[in-house]
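# Residue-level structural notes
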Amino acid sequence: QQPVQSPQAVILREGEDAVINCSSSKALYSVHWYRQKHGEAPVFLMILLKGGEQKGHDKISASFNEKKQQSSLYLTASQLSYSGTYFCGTEPFNQAGTALIFGKGTTLSVSS
Amino acid sequence: EADIYQTPRYLVIGTGKKITLECSQTMGHDKMYWYQQDPGMELHLIHYSYGVNSTEKGDLSSESTVSRIRTEHFPLTLESARPSHTSQYLCASSPAPGTDTGELFFGEGSRLTVL
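Below is a summary of the structure that appears in this document. (Residues numbered from 1 in each chain as written. Chains lettered and ligands numbered in written order. Predicted model: local features only at pLDDT ≥ 70, side-chain atom pairs only at ≥ 80, totals over all residues. Heavy atoms only, no water.)

### Remarks on the overall build of chain A
- Secondary structure assignment for chain A yields 0 helices and 11 strands.
- The globule rule puts the C-alpha radius of gyration for 112 residues at 13 Å, and the 13 Å found for chain A is close to it.
- With the C-alpha coordinates aligned to their principal axes, the bounding extent of chain A is approximately 45 × 30 × 20 Å.
- Considering chain A as a whole, with its 112 residues, one finds that 50% of them fall into the buried category.
- Residue pairs at least 24 apart in sequence account for 56% of intrachain contacts in chain A once pairs closer than 6 positions are excluded.
- For chain A, the computed accessible surface area is about 5500 Å², with 49% contributed by carbon and sulfur atoms. (Helix = DSSP H or I, 4+ residues; strand = E, 2+ residues; numbered from the N terminus. Rg over C-alpha atoms; globule rule 2.2 N^0.38 Å. Buried < 20%, exposed > 50% of the residue type's maximum accessible area, 1.4 Å probe, protein only. Contact = heavy atoms within 4.5 Å. Areas by Shrake-Rupley, 256 points an atom, 1.4 Å probe, with all protein chains shown as cover.)

### Things to note about the interface of chain B and chain A
- Tallying the contact residues gives 20 residues for chain B and 18 residues for chain A.
- A buried area of about 1500 Å², summed over both sides, lies between chain B and chain A, and 58% of it is on carbon and sulfur atoms.
- If you list the elements that add at least two residues to the side of chain B that touches chain A, you get β4 (31-37) and β5 (43-49) of chain B.
- Considering each element in turn, the side of chain B that touches chain A owes the most residues, 4 residues, to β4(B). (Buried area = accessible area lost by both parts, 1.4 Å probe.)

### Description of the pairing of strand β7 (residues 60-65) of chain A
Residues and elements named next belong to chain A.
- With 5 of 6 residues buried, β7 is to be regarded as a mostly interior element.
- The pairing of β7 with strand β8 (residues 70-75) spans 6 bridges and is classified as antiparallel. Paired with F64 across the bridge in β8 is S71.
- Linking β7 back to β8 in an antiparallel pair, the connection comprises 4 residues, with Q69 at a positive phi of about 55 degrees. (Pairing = 2+ DSSP bridges.)

### Focus on the state of the cysteines
Residue and element names in this part refer to chain B.
- A complete count under the given rule lists 2 disulfides over all chains for this structure.
- There is a disulfide in this structure between C23 and C91, and the S-S distance comes to 1.9 Å. Taking the sign of the torsion about the S-S bond as the criterion, the disulfide between C23 and C91, at about -75 degrees, is left-handed. With C23 in strand β3 (residues 19-25) and C91 in strand β9 (residues 87-94), this residue pair connects regions lying 68 residues apart in the sequence. (Disulfide = S-S within 2.5 Å.)

### Details of the nonpolar core
- By size, the foremost hydrophobic cluster in this structure holds 21 residues, and its most contacted members are W33(A), M46(A), L73(A), L75(A), Y82(A), Y86(A) and L108(A).
- At the level of secondary structure, the elements contributing two or more residues to this core comprise β2 (9-13), β3 (18-23), β4 (28-36), β5 (43-49), β7, β8, β9 (84-92) and β11 (106-111) of chain A.
- With residues up to four places along the chain from it excluded, the contact list for L75(A) reads E16(A), D17(A), A18(A), I20(A), K59(A), I60(A), Y82(A), Y86(A) and L108(A).
- Residues I47(A), F87(A), Y33(B) and L104(B) belong to the second largest nonpolar core, which totals 18 residues. (Core = buried A, V, L, I, M, F, W, Y, C linked by side-chain atoms within 4.5 Å.)

### Re the sheet that holds strand β7 (residues 64-66) of chain B
All names here are of chain B.
- In space, the 4 strands of this open sheet follow the order β1-β3-β8-β7, with antiparallel pairing throughout. Only two strands of the sheet have a single neighbouring strand rather than two, namely β1 (4-7) and β7. Within the sheet, the average angular offset between the axes of one strand and its neighbour, ignoring direction, is 15 degrees.
- Bridge count for β3 against strand β8 (residues 76-78) is 3 bridges, and the pairing is antiparallel. (Axes fitted to C-alpha atoms, helices over the stretch in contact; angles between N-to-C directions.)

### Describing the pattern of salt bridges
Residue and element names in this part refer to chain B.
- Under the counting rule described, the total for this entry stands at 5 salt bridges over all chains.
- Taking the shortest distance from any N to any O, the salt bridge between R9 and E108 comes out at 3.0 Å. Note that R9 is positioned in the loop between β1 and β2 (10-13) and E108 in the loop between β10 (105-106) and β11 (110-114), a separation of 99 residues in sequence.
- Take R9: its relative accessible area is 32%, and that puts it in the partly exposed class.
- Using a relative accessible area of 51% as the deciding quantity, one classes E108 as exposed. (Salt bridge = Lys/Arg side-chain N within 4 Å of Asp/Glu carboxyl O.)

### Overview of the pairing of β9(B)
Residues and elements named next belong to chain B.
- Judged by how many residues are buried, β9 sits mostly within the fold: 8 of 8 residues are covered.
- Of the two faces of β9, the one lined by S87, Y89, C91 and S93 and the one lined by Q88, L90, A92 and S94 are each fully buried.
- For β4 and β9, the ladder comprises 7 bridges, and the chain directions are antiparallel. Paired with Y35 across the bridge in β9 is L90.
- With 3 bridges connecting them, β9 and β11 associate as antiparallel partners.

Written out as structure tokens, the structure reads:
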């Protein structure tokens, strides 16, 4: 049931782009994306719902491919503040309204 | 602004002790959750609640119990702590589906060390 995230880690320089993927073997109702900085709690980035549109937040956007049960998080022109671990959390369609199951996370390191 | 509080933030105890980790939220959220997370690792769902008098087990069997007597309060209890329970415990809440985006608001965590 746990979604699979890839890659496990990404190393970037400021201004470079990155894509983080999250895939599930189950039909999904929603996909959440969170960022967690070292020693802090996870912080919500965005949610994508089945049948919903691609979301965007500043230079971070995400898409949800319902056919493939896959979501991708796009970080463009990365900034130092983007460093952290990114988690996707999924809500299976047949368990909508229950609780999120999170992937193992993708660690993003942005250097100047 | 998220208002969800966890106490204690740090706890070091001996094996066999009973402990309760407190979690309170002032947002009136119906749903609350407990996740366990080792440093730099994934979040494991251990318990969640739909509302008062509702509790459900998550995927991780952590030998803990929870209660939900009041909407704002969701304590986690370990009857007999073991070194394998050493971890960080994150509490979260979210509004009921259909009322908002359903995002999770996390507390700052309780870091437990069992000697």
